[in-house]
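So the chains spell out like this:
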Amino acid sequence: MTPVPAYHHGNLRSTLLAAAERSLRQHGAGQLSLRELAREAGVSHAAPRRHFADRQALLDALAEAGFARLHAELHAALAAAGADFGPRLHAMAAAYLRFATEDAALLELMFTGKHREGAEHLVAAAAGPFGLMHDLITQGQAQGVLEPGPPERAGIVLFATLQGIATLVNGNLVAPDLLDGITRTAVDQFIRGSRRP
């Protein structure tokens, strides 16, 4: 019987991250294990350490990939929505809430990881998607749709609104099939409440 080589996988890092994301969705971050992921990938239990020094390094890489995917999804939604602020805000809110409700465990890991000491790389990764939100608020102010002032203030209100909706859906307090309608209503109310006097 020929022994299995200690390392025989072509793209182990991507495979481990994909398996980790599946496990995160099914069981949460507490159940993630490098040894179990190695078994699933069909490599020795030591092989993942070539890419991730420890479990925390894997979680950080997962969070960083999550921020990159969120940025790509928000960017695509904004690009498809055209130039006007209103449709762009609706598209961005819908894309964010789709991510936040379909990948709730990943989003929680992303935010938790970002606030950990020594996680500057995650803060940098988060700057992408949050920069898109900031730029969108600035656009609304420049077009006279939103009242002038620090864009961060309006951005926090918008973000808190979206996070609140995601929390209600993820906590089974609001049925997922109501998400689209609630998102439209929330964005319309945000625009009305933030309208330039």
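Just so we're clear, the structure is a prediction, and the values are computed from it rather than from any experiment. Within each chain, residues carry numbers counting from 1 in the order of the written sequence. Given that the model is predicted, a residue must reach a pLDDT of at least 70 before its local features are reported, and side-chain atom pairs must reach 80 or more before they are shown or counted; all residues, however, enter totals for whole chains, interfaces and linings. To obtain the side-chain values, all non-hydrogen atoms of the structure were included, while hydrogens and water were left out.

1. Regarding the overall build of the chain
Regarding its fold elements, the chain presents 8 helices and 0 strands. Secondary structure counts use DSSP, requiring at least four H or I residues in a row for a helix and at least two E residues in a row for a strand, with both numbered from the N terminus. Tracing the chain from N to C terminus, the helices and strands come up as α-α-α-α-α-α-α-α. In terms of its C-alpha atoms, the chain occupies a principal-axis envelope of roughly 75 × 35 × 30 Å. Computed with a 1.4 Å probe, the accessible areas rest on the Shrake-Rupley method; for each residue, only the protein chains presented here act as cover. A total accessible area of about 10,600 Å² is found for the chain, and carbon and sulfur atoms account for 56% of it. Across the chain, 18 positive and 19 negative side-chain charges occur, with their mean positions spaced 2 Å apart. A residue counts as positive if it is Lys or Arg and as negative if it is Asp or Glu; His and the chain ends are not included. Each charge is placed at NZ for Lys, CZ for Arg, CG for Asp and CD for Glu.

2. Things to note about helix 3 (residues 55-80)
Each helix should span, by expectation, one fewer than its residue count multiplied by 1.5 Å. When the terminal C-alpha atoms of helix 3 are compared, their 38 Å separation across 26 residues agrees well with the 38 Å that a helix rising 1.5 Å per residue should span. Relative accessibility decides the category of a residue: with a 1.4 Å probe and only protein chains considered, values under 20% of the type maximum give buried, values over 50% give exposed, and everything between is partly exposed. Within helix 3 the residues assigned to the buried category are Leu58, Leu59, Asp60, Ala61, Leu62, Ala63, Gly66, Phe67, Leu70, Leu74, Ala77 and Leu78. Summarising the contacts, the buried residues of helix 3 are in contact with helix 1 (12-27), helix 2 (34-41), helix 4 (85-102), helix 5 (104-114) and helix 6 (120-142). Within 3.5 Å is the distance limit for a polar contact, defined as a pair of N or O atoms, with the added protein rule that one can donate a hydrogen and the other accept it, and that residues adjacent in sequence qualify only through two side-chain atoms. By the N-cap criterion, in which a side-chain oxygen at the helix start approaches the backbone nitrogen of a residue two or three places on, helix 3 is capped by Asp54, the distance to Gln56 being 3.2 Å. One or two steps after helix 3, the chain reaches Gly82, where phi turns positive at roughly 90 degrees. Note on definitions: a residue-residue contact is assigned when non-hydrogen atoms from the two residues lie within 4.5 Å.

3. Details of the pattern of salt bridges
Here, a salt bridge means any Lys or Arg side-chain nitrogen found within 4 Å of an Asp or Glu carboxyl oxygen. Tallied over the entire structure, the rule returns 6 salt bridges. The residue Arg69 makes a salt bridge to Glu21 at a minimum N-O spacing of 2.6 Å. Pair noted here: Arg69 is in helix 3 and Glu21 is in helix 1, with a separation of 48 residues, a long-range link. Under the relative-accessibility criterion, Arg69 is labelled partly exposed at 26%.

4. Observations regarding the packing of helix 1 against helix 3
Comment: axis = line fitted to C-alpha atoms, over the contacting stretch for helices; angle = value between 0 and 180 degrees taken between N-to-C directions. Packing of helix 1 against helix 3 leaves a shortest axis separation of 10 Å and a crossing angle of 85 degrees. With respect to each other, helix 1 and helix 3 are oriented roughly perpendicular. In this structure, helix 1 contributes Arg13, Leu17, Ala20, Glu21, Leu24 and Arg25 to the contact, and helix 3 contributes Leu58, Ala61, Leu62 and Arg69. For this classification, the nonpolar set comprises Ala, Val, Leu, Ile, Met, Phe, Trp, Tyr, Cys and Pro, the charged set comprises Asp, Glu, Lys and Arg, and every other residue, Gly included, is treated as polar. Split by residue class, the contact of helix 1 with helix 3 holds 6 nonpolar, no polar and 4 charged. For classification purposes, angles smaller than 35 degrees are called roughly parallel, those larger than 145 roughly antiparallel, those between 65 and 115 roughly perpendicular, and all remaining angles oblique.

5. What about the packing of aromatic side chains?
Two aromatic rings, taken as a pair, are described by how far apart their centres are and by the angle between their planes. Two aromatic rings from Phe, Tyr or Trp, using only the six-membered ring of Trp, form a pair when their centres are within 6.5 Å; if the ring planes differ by under 30 degrees the pair is stacked, by over 60 it is edge-to-face, and anything between is tilted. Per the counting criterion, the structure on display carries 5 aromatic pairs. Taking the centre distance of 5.9 Å and the plane angle of 70 degrees together, the rings of Tyr96 and Phe159 count as edge-to-face. Here the residue Tyr96 occupies a position in helix 4, and Phe159 occupies one in helix 7 (residues 151-170), the gap between them amounting to 63 residues. Looking at Tyr96, the relative accessible area reads 0%, which means it is buried. With relative accessibility at 22%, the residue Phe159 sits in the partly exposed group. On the numbers, 5.9 Å between centres and 90 degrees between planes, the contact of Phe111 with Phe159 is edge-to-face. Of this pair, Phe111 sits in helix 5 while Phe159 sits in helix 7, placing them 48 residues apart in sequence. Here the aromatic residues Phe67, Tyr96, Phe111, Phe130 and Phe159 are joined through ring pairs into a cluster of three or more.

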